[in-house]
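One letter stands for each residue in the lines below.
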Amino acid sequence: MKRRISVLLLMLALLLSGCHGAREHSSFQLPQALDTSRDFTITFWAKNDTNITQANIYRQAIAEFHELYPNITVEMRLYTDYGRIYNDVITNIATATTPNVCITYPDHIATYLTGENVVVPLDDLLTDENYGLGGSKVNFDAPTRDEIVPKFLQECNFAGHQYALPYMRSTEACYVNKDYVEKLGFTLPEVLTWDFVWQVSEAAMEKDGDVFKVNGQKVLIPFIYKSTDNMMIQMLHQLGADYSDSTGRIGLFNDDTREILKTVAAHAKTRAFSTFAISSYPANFLNAGQCIFAVDSTAGSTWMGSHAPLLDISADSLVEFETAVRPVPQYDPEHPSMISQGPSMCLFNKDDPQEVLASWLFMQYLLSDSVQIRYSCTEGYVPVTTKAQQSEEYQDYLSREGEDESEHYWVKLEAVKLLLNNTENTFTTPVFNGSASLRNAAGELIENVTKSVRRKKTVDDDFITALYADTRSLYRLDQIQQSGDGSRDLGPLPAEAVALLAALAACWVGILTYLIVQGVKRRKKKR
């Protein structure tokens, strides 16, 4: 009888553990020393955007690191976009097969944290005297904690801990066909305003027969925005309007957002404005003389301009023009505000603390001057350490702007300097489990109204109210659990889950009671 009850209790435990989900790790404890007598193979997931140069920089870094630590082998898996990395990590959390180190974004890491002890908090690792940043037992010249740009480091601190380190940083820039602006009778300011961009864009829509006067072509989209989530977020931030906070409270669906959407709709209706998702890559239109204001990442600067080293259109489609690089449009040009973006790195927990330590050392190596400078020079990225930024090698790179149309392409260097000169004017959005969905929702609002007016729909208050409700539902924003102190708090179980577990418990209690009663009856009969 006791054996039967034990078996049933074991089955109940397995059932409940299955409902709970993935196998959990214990919290990471830093070993006293790296065990150099053991061999470790660690996995590194990264995005290279089909850029062979960037992929080779990773390979070179892995080879150099292996020379420093012959017992650590790094296996790299490359992805073409961060969304796929995010999806694969989420899938692998359940089977405890996450990578060791991953290039990702804080919004994504916040979702990874729903698993217990999945991501290693770096607070103690950063300052450990032996294996922390620049520690005495680190076999290379790593930056110290104080040598990481403070603003970039703070961006990776959320849910009460330092859960990531910055890898590269960029912002957005507006790449402008200056010739067309002046041809339309305007003078290009050093800092663009939204009103100026809208005004020029509408003026550019004047036609002469079936061609546009300003470019003499049948195709013109004066203003194209690559990332509409950034567009909405920056507009709200510049206005001091609500978006969200670190507790997970959603403030996006407000009257300021409503007015922004009406403005976007008005200019989308005239076809003076469009988006990457609707019309395609802004650089292609800019370089073909079919766009005046193209907003994209500073990391995309190598695609911008008549002499861009990377082109996605045929040579006979190129139009010669003077390119200007400006910050994204502002509401208050005296107090510019722009998004800080770019990949970060996180460290995943494993059962073997030695394996985690080996992974942490590789993660540090990616912050070394050689890796930071080599990678940042491939596109319009900025190194995340002051150590690399102030190095003689990097300063020489910046000073050679315009020397060639490849590594020192002047548009790319102008975009880099834009961020270097405006680091203190950058911001990031609050990070919490669900912040990635909120970001997508912000962009969807602009995409939706732009498509809708093209389909002859009326974008008024009733339309926007319905759009708010649909967007909340589509991105499940009502299901985001708020946390009072900004730390990770998943809240109580849903009522359906509580009811299910209660029913299961009641069933098992009934079964056990029945077996006990039957056992007592059998013993009485034997007597």
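What counts and what doesn't
Position numbers for residues count from 1 along each chain, tracking the sequence in the order it is written. Note on the predicted model: pLDDT of at least 70 is required for a residue's local features to be given, and 80 or more for side-chain atom pairs to be given and counted; whole-chain, interface and lining totals, by contrast, use all residues. Note that water and hydrogens are dropped before the side-chain values are worked out from all heavy atoms of the structure. Labels follow the DSSP assignment, with helices taken as runs of H or I lasting at least four residues and strands as runs of E lasting at least two, numbered in each case from the N terminus. The rule is simple: take the accessible area with a 1.4 Å probe, protein chains only, and divide by the maximum for that residue type; under 20% is buried, over 50% is exposed, in between is partly exposed. Between two residues, a contact is recorded if the distance between any of their heavy atoms is within 4.5 Å. Accessible surface is estimated by sampling points in the Shrake-Rupley manner with a 1.4 Å probe; for residues, cover comes only from the protein chains shown. For this analysis, a ring pair means two rings from Phe, Tyr or Trp (six-membered ring only for Trp) whose centres lie within 6.5 Å, classed as stacked if their planes differ by under 30 degrees, edge-to-face if by over 60, and tilted for the remaining angles. Each residue carries a pLDDT score, the predictor's confidence in it, ranging from 0 to 100. By definition, two strands form a pair when at least two bridges between them are found by DSSP. Fitted lines through C-alpha atoms give the axes, limited to the stretch in contact for helices. The angle between two N-to-C directions lies from 0 to 180 degrees. Whether a crossing is left-handed or right-handed is set by the direction in which the near helix is turned from the far one by less than a right angle, anticlockwise for left-handed and clockwise for right-handed. Buried Ala, Val, Leu, Ile, Met, Phe, Trp, Tyr and Cys residues form a nonpolar core when they are joined through side-chain atoms within 4.5 Å. Here the angle decides the label: under 35 degrees means roughly parallel, over 145 means roughly antiparallel, 65 to 115 means roughly perpendicular, and every other value means oblique. Residues are grouped as follows: nonpolar covers Ala, Val, Leu, Ile, Met, Phe, Trp, Tyr, Cys and Pro; charged covers Asp, Glu, Lys and Arg; every other residue, Gly included, is treated as polar. The span you would expect from a helix comes to 1.5 Å times its residue count less one. To obtain the arc, one takes the directions from the helix axis to the C-beta atoms. Nitrogen and oxygen atoms within 3.5 Å of one another constitute a polar contact, given that in protein one can donate a hydrogen and the other can accept it, and given that sequence-neighbouring residues count only through two side-chain atoms.

For the rest of this paragraph, the subject is the overall build of the protein. If you tally the helices and strands in the protein, you get 20 helices and 18 strands. Looking at the protein residue by residue over its 527 residues, the buried ones come to 52%. In the protein, 74% of the contacts between residues at least 6 apart in sequence involve partners at least 24 apart. Total accessible area on the protein stands at roughly 23800 Å², and carbon and sulfur atoms take up 49% of it.

Ring pairs (aromatic) are described by centroid distance and by the angle formed between their planes. Counted under the stated rule, the structure contains 29 aromatic pairs. Between Phe65 and Phe362 the ring centres are 5.3 Å apart and the planes differ by 70°, which places this aromatic pair in the edge-to-face class. Of the two residues, Phe65 is situated in helix 2 (residues 52-68) and Phe362 in helix 13 (residues 353-365); the sequence distance between them amounts to 297 residues. Given a relative accessible area of 0%, Phe65 falls into the buried group. With a relative accessible area of 0%, Phe362 lands in the buried category. Three or more aromatic residues joined by ring pairs make a cluster, and in this case those are Phe44, Tyr58, Phe65, Tyr69, Phe140, Tyr167, Phe362, Tyr365, Tyr375 and Tyr381.

Next up on the list: the confidence of the model for the protein. Averaged over all residues, the pLDDT of the protein is 90; the fraction at 70 or higher stands at 87%. Taken as a whole, residues 1-22 scores under 50 in pLDDT and shows 17 contacts with residues more than four places along the chain or in a different chain. The low-confidence segment residues 485-498 (pLDDT under 50) makes 18 contacts with residues lying over four places distant or belonging to another chain.

The next subject is unusual backbone geometry. A positive phi angle, close to 55°, is found at Ala96, a residue other than glycine. Structurally, the position occupied by Ala96 is in the loop between helix 3 (82-93) and strand 3 (101-104).

This paragraph deals with the sheet that holds strand 3. One open sheet holds the five strands; their spatial order is 2-1-3-16-6, and the pairing between them is mixed. A strand with exactly one partner marks an edge of an open sheet, and here the two such strands are strand 2 (72-79) and strand 6 (165-166). Pairing geometry for strand 6 and strand 16 (residues 344-347), over two bridges, is antiparallel. By the bridge assignment for strand 16, Leu165 is matched with Met345.

Moving on, we get to the packing of helix 10 (residues 255-269) against helix 18 (residues 435-454). For any two helices packed against each other, the geometry is given by the interaxial angle and the distance between the axes. Two numbers describe how helix 10 lies on helix 18: the axes approach to 9 Å, and their chain directions differ by 40°. Helix 10 and helix 18 meet at a crossing whose hand is right-handed. Where helix 10 abuts helix 18, its residues Thr257, Leu261, Val264, Ala265, Ala268 and Lys269 lie against Leu445, Ile446, Val449, Thr450 and Val453.

A word on the nonpolar core. With 77 residues, the main nonpolar core has Leu252 and Phe293 as its most contacted residues. Tallying contributions element by element places helix 18 first for this core, with seven residues. Non-local contacts of Leu252, meaning those with residues more than four positions away in its chain, are made with Met232, Leu236, Asp242, Tyr243, Thr257, Leu438, Ala441, Ala442 and Leu445. Residues Tyr112, Tyr131, Cys346 and Leu347 belong to the second largest nonpolar core, which totals 70 residues.

Right, let's get into the side chain of Thr302. Within the secondary structure, Thr302 is located in the loop between strand 13 (293-297) and strand 14 (323-327). Accessibility expressed as a relative area gives 2% for Thr302, which makes it buried. In contact with Thr302, not counting residues within four places along its chain, are Ala308, Pro309, Leu310, Thr378, Glu379, Tyr409 and Lys412.

So, about the packing of helix 16 (residues 392-399) against helix 17 (residues 410-422). Running from N to C, helix 16 and helix 17 point in directions that differ by 125°, and their axes come no closer than 10 Å. Taken together, helix 16 and helix 17 sit at an angle that is classed as oblique. Where helix 16 abuts helix 17, its residues Tyr394, Tyr397 and Leu398 lie against Lys412, Leu413, Val416, Lys417 and Leu420. In terms of residue class, the contact of helix 16 with helix 17 is built from six nonpolar, no polar and two charged.

The subject of this paragraph is helix 14 (residues 369-376). With respect to burial, helix 14 is a largely interior element, six of its eight residues being buried. Looking at helix 14, one finds that the buried residues are Asp369, Val371, Gln372, Ile373, Tyr375 and Ser376.

Glancing now at the pairing of strand 1 (residues 40-47). Burial analysis of strand 1 places six of its eight residues in the buried class, the great majority of the element. Where strand 1 and strand 2 come together, eight bridges link them in parallel fashion. Across the sheet, Phe40 pairs through a bridge with Ile72, a residue of strand 2. For strand 1 and strand 3, the ladder comprises two bridges, and the chain directions are parallel. What sits directly across from Trp45, in strand 3, is Cys102.

Once that is clear, we can look at helix 2. Between the first and last C-alpha of helix 2 there are 24 Å, a value that for 17 residues agrees with the 24 Å anticipated at 1.5 Å per step. Restricting attention to buried positions, one finds in helix 2 the residues Gln54, Ala55, Ile57, Tyr58, Ala61, Ile62 and Phe65. Seen along its axis, helix 2 keeps its buried residues to an arc of 155°; they face one direction. Residues Ile52 and Glu67 are exposed on helix 2 and point more than 90 degrees away from its buried face. Buried-residue contacts for helix 2 involve strand 1, strand 2, strand 3, helix 13 and helix 14. You can read the cap of helix 2 off the contacts: a side-chain oxygen lies 3.0 Å from the backbone nitrogen of Thr53, and it is on Asn51.

Strand order in the open sheet formed by five strands is 12-11-13-8-14, and the pairing between neighbours is mixed. A strand with exactly one partner marks an edge of an open sheet, and here the two such strands are strand 12 (273-275) and strand 14. Recorded for the sheet is a direction-independent mean angle of 25° between the axes of neighbouring strands. Against the sheet, helix 8 (residues 194-203) makes contact with strand 11 (223-225), strand 12 and strand 13, and its axis sits at roughly 125° relative to strand 11, the strand it touches most.

Right, let's talk about the pairing of strand 8 (residues 172-177) for a bit. Burial analysis of strand 8 places six of its six residues in the buried class, the great majority of the element. Alternating residues of strand 8 divide into Glu172, Cys174 and Val176 and Ala173, Tyr175 and Asn177, and every residue in both groups is buried. Here five bridges tie strand 8 to strand 14, and the two strands are oriented antiparallel to one another. Bridging across to strand 14, Cys174 finds its partner in Arg326.

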